[in-house]
Amino acid sequence: MKYILAVALLFSSVLVKSQVSILPEPVKIVNHTGYFTLPSQVLIQAPAQEDVKPIVEMLEHRLHAATGYSVRAVGHSSPATIKFVLNSNADVEIGDEGYHLESSSKGIQITANKPAGLFYGMQTLLQLLPNEIESKVAVYDVKWHVPLVSITDYPRFAWRGLMFDVARHFFSVADVKSYIDEMVRYKLNVFHWHLTDDEGWRIEIKSLPNLTVKGAYNVARVGKFGSYSPILPNEPRTQGGFYTQEQIKEVVQYAKERFVNVLPEVDVPGHSLAAVSSYPEISCTADAVNYEPRSGAAGFMAWTSNGIIASVDNTICPANEKAYEFLDKVFGEIAPLFPFEYIHIGGDECAKNFWEKSDAVKALMVQQNLKNMDEVQSYFEHRVTAIVASKGKKVIGWDEILEGGLAPGAAVMSWRGEKGGLEAAKQQHEVVMSPNNFMYLDFVQGEPSYEPPVYSNLRLEKSYQFDPLPAGMDPRFVKGGQANLWTEQIYNMRHAQYMLWPRAFALAESVWSPKEKKNWNNFVGKVEDEFKRLDVREVNYSPAMYDPIVAATKDTTGVLTVNMRTEVEGLDIYYSFDNSFPDKFYPKYTSPVKVPIDAIQMRVITYRGGKPIGRMLSIPTKDLQNRAAAKK
């Protein structure tokens, strides 16, 4: 009898645990037996504090919309279903953003030191509720209950960032707000807003109106960015847009209510064609008077063994005093709009071939005793850092700002792998880790012949290996980590969502959860649970983690062989070479397969438990041959 009771209790414990799926993984979860069921009248009690009010309103809205129940805030003298409590004496363990969540038979209590902790506790509470909590309309055939748990949670890093490039393709205020709404569900707290680039200038600068009159618009093209056809004379420049300063304030306030810091980026001195087109006097090149913002045509920049070579001068001139007067106006208007202490100044991928020909730059090198072009850019970065500092802000830039000498007080965002971050920390500068080999979410995330084309690959399993604190890094200087979504190949919000999720889940768990709590198989299960929630709220995502990873080799006799594996455990791969569509009755992949000599394509699909779960992929044989050639 005792054995049967023990088994029953164990099964009960497992059953409860299986229903606790939280992204990112909390520091500590203690599961208890049973559930708390929401009453038809939900009462929320919270401190009468201005920055707590939006939290209560958000929870009221979410609960009422999905359940149809009456949900309202009550005073401290009334009994409550859900209690938000701020500690009168700080709990050192949880810090400013941590929380304790307790669900019992009597109700739910979230306790924190600061309102931010209450907000993140609320996000966890919503994940504890059934998937239908994501519905925008009332769902009546659901048991609205919360498993009984005790959770203690706080972040590993303070900087948990997600970047959105709105310069390559413009996104509306509504799109930006939805981006912020999605990131905060997973406790991300820095919204990096990439506002300027060669293709567009997206922020109103009242003292420099041409930045948005001319700089915000280019020629509409659809296809593969970077290989568009040349722009014809007098083609209309109707693609683009910009945010007024009032809209910027609106977004910043929206983010503030969700405990998100907004980091604006003005990318200089490279990636500045939109600015140079608008105000040619800031260029080193006389022909800049004929420039227009880029529209994505081929032949713009080339990466060579001698550095980056640009076909037009898309840089702001470091030897031109008008350039610094221009930037003083830009940062003078930007700084008051953004409460965050940092402004991002870019600094990446600066093509210097026009500087090498510039008499003004040559004179500057003699005057300032600059030995090479990296030192010329460093001179520029030092002056820009001083301008930003004069506006009461700190500078952060891409890791190229290390080259030629880092300006005092500048922070580094390491994107070209981890090397830049390691070097900046060694120099005792603050670092945000954002290595492209883990955290560039515009990269192809699945089978290259199926996915939208981009120049590199990044599977979910690789993203999940991201550690913002790599070996050899001094933790004192690491502020946290970030993922970046560049939008050259992204034209709309549905596609942006597809590229973000689920790889941004990997980011969230890497920057919030304790390193020792990360577990790939557990993470996959939580991602699958979250897919169901994304379905309910009609947010797009990629199912690429279910698709096989396909490699190819050739032996010495020229025989082409295919090797396949899956990211997710427990999947079966079925394939065909005869142009038909394989299912579970076709050959199952168990070992490397030789490609028939006349096959023009291979089709593959994954199954789990006898049912299809992956997508039907058609991979041309010529693609397999190219992969085999690349292996050599």
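Computed from a predicted model, the values in this text were never measured in an experiment.

Enquirer: Can you help me understand the sheet that holds strand 22 (residues 549-554) in this one?
Expert: The pairing of strands in a sheet happens through backbone hydrogen bonds and is either parallel or antiparallel. Strand order in the open sheet formed by three strands is 22-23-25, with antiparallel pairing between adjacent strands. In this open sheet, the two strands that pair with only one neighbour each are strand 22 and strand 25 (593-594). Pairing geometry for strand 22 and strand 23 (residues 560-565), over six bridges, is antiparallel. If you follow Val550 over to strand 23, its bridge partner there is Met564. The sheet strands contacting helix 18 (residues 621-631) are strand 22 and strand 23, and the helix crosses strand 22 at an angle near 70°.

Enquirer: What is the right way to read the layout of surface pockets from this model?
Expert: The probe, sized like a water molecule, is rolled over the atoms to show the empty space still left. Roughly 720 Å³ of internal volume is contained in the largest pocket. As for the largest pocket, its lining consists of 32 residues, of which Phe225, Arg294, Trp303, Tyr455 and Glu488 are closest to the centre. Taken together, the elements giving at least two residues each to the lining of the largest pocket come down to strand 15 (301-304) and helix 15 (493-500).

Enquirer: Would you take a moment to explain the state of the cysteines for this structure?
Expert: Here a disulfide denotes a covalent bond joining the sulfur atom of one cysteine to the sulfur atom of another. All told, the structure shown has one disulfide when counted by the stated rule. One disulfide in the model links Cys284 with Cys317; its S-S distance is 2.0 Å. Across the S-S bond linking Cys284 and Cys317, the dihedral sits near 85°, which makes this disulfide right-handed. Placement of the pair is Cys284 in the loop between helix 7 (273-278) and strand 15 and Cys317 in the loop between strand 16 (307-310) and helix 8 (321-334), with a sequence separation of 33 residues. Overall, the relative accessible area of 2% leaves Cys317 in the buried class.

Enquirer: In this structure, what is going on with the nonpolar core? I would like to understand it.
Expert: Looking at soluble globular proteins, one finds that nonpolar side chains tend to be buried together. Leu63, Phe84, Phe191, Trp193, Trp201, Phe326 and Phe338 are the most contacted members of the largest nonpolar core, which totals 161 residues. By residue number, the principal contributor to this core is helix 3 (residues 115-128), which donates eight residues. Setting aside residues up to four positions removed in sequence, Phe338 forms contacts with Trp193, Leu195, Ile203, Ile248, Val252, Val262, Pro264 and Lys393. The next biggest cluster of nonpolar side chains, apart from the first, holds 18 residues, and it includes Val550, Val562, Tyr589 and Leu624.

Enquirer: Explanation requested: the pattern of salt bridges in the structure shown.
Expert: If charged atoms from side chains of opposite charge come close, those side chains can pair. Overall, the coordinates contain 42 salt bridges when judged by the stated rule. Here Glu447 ties to Arg627 by a salt bridge, and the two come within 2.3 Å at their closest N and O atoms. On the criterion of sequence distance, the pair formed by Glu447 in the loop between helix 13 (436-439) and helix 14 (460-463) and Arg627 in helix 18 is long-range, its members being 180 residues apart. Linking Arg615 and Glu451 is a salt bridge whose minimum nitrogen-to-oxygen distance equals 2.8 Å. A residue pair is termed long-range when its members are at least 10 positions apart, and Arg615 in the loop between strand 27 (611-612) and strand 28 (617-620) and Glu451 in the loop between helix 13 and helix 14 qualify at 164 residues. Per residue, the accessibility class of Arg615 equals that of Glu451, and both read buried. Taken together, the shared-partner salt bridges in this structure form one network comprising Arg62, Glu134, Glu182, Arg185, Arg533 and Arg537.

Enquirer: Help me understand helix 17 (residues 520-537), please; the structure alone is not making it clear to me.
Expert: Residues three or four positions apart in an α-helix share a direction because the helix packs 3.6 residues into each turn. Over its 18 residues, helix 17 extends 25 Å from the first C-alpha to the last, a length consistent with the 26 Å expected when each residue adds 1.5 Å. Restricting attention to buried positions, one finds in helix 17 the residues Phe523, Val524, Lys526, Val527, Glu528, Glu530, Phe531, Arg533, Leu534 and Arg537. The elements touched by buried residues of helix 17 are helix 3, helix 4 (173-184), helix 14, helix 16 (503-512) and strand 26 (601-608).

Enquirer: Would you take a moment to explain unusual backbone geometry for this structure?
Expert: Excluding glycine, residues mostly have negative phi values, and the peptide bonds linking residues are mostly trans. For the bond from Leu23 to Pro24, the omega torsion is -5°, close enough to zero to count as cis. Considering the arrangement of structural elements, one finds Pro24 in the loop between helix 1 (2-18) and strand 1 (28-37). One non-glycine residue with positive phi stands out, namely Asn369, at about 55°. Here Asn369 lies in the loop between helix 10 (359-368) and helix 11 (373-390). For Asn579, which is not glycine, the phi torsion reads 75° and is therefore positive. Mapping Asn579 onto the fold places it in the loop between strand 24 (572-576) and strand 25.

Enquirer: Which parts of the structure should I look at to understand the sheet that holds strand 3 (residues 70-74)?
Expert: Taken together, the seven strands give an open sheet; going across it, the order is 1-7-5-6-4-2-3, and neighbouring strands pair in mixed fashion. A single partner strand is all that each edge strand has here, and the edge strands are strand 1 and strand 3. Each neighbouring strand pair of the sheet contributes to a mean axis angle of 20°, computed without reference to strand direction. Packed on one face of the sheet, helix 2 (residues 53-67) meets strand 2 (41-45), strand 3 and strand 4 (82-86) and runs near 160° to strand 3.

Procedures and definitions
Residues numbered from 1 in each chain as written. Predicted model: local features only at pLDDT ≥ 70, side-chain atom pairs only at ≥ 80, totals over all residues. Heavy atoms only, no water. Pairing = 2+ DSSP bridges. Helix = DSSP H or I, 4+ residues; strand = E, 2+ residues; numbered from the N terminus. Contact = heavy atoms within 4.5 Å. Axes fitted to C-alpha atoms, helices over the stretch in contact; angles between N-to-C directions. 1 Å grid on protein atoms, 1.4 Å probe; cavity = no way out; pocket = protein on both sides within 12 Å on 5 of 7 lines; lining within 4 Å. Points joined across faces, edges and corners; volume = space filled by probe spheres on them. Disulfide = S-S within 2.5 Å. Buried < 20%, exposed > 50% of the residue type's maximum accessible area, 1.4 Å probe, protein only. Core = buried A, V, L, I, M, F, W, Y, C linked by side-chain atoms within 4.5 Å. Salt bridge = Lys/Arg side-chain N within 4 Å of Asp/Glu carboxyl O. Expected span 1.5 Å × (residues − 1).

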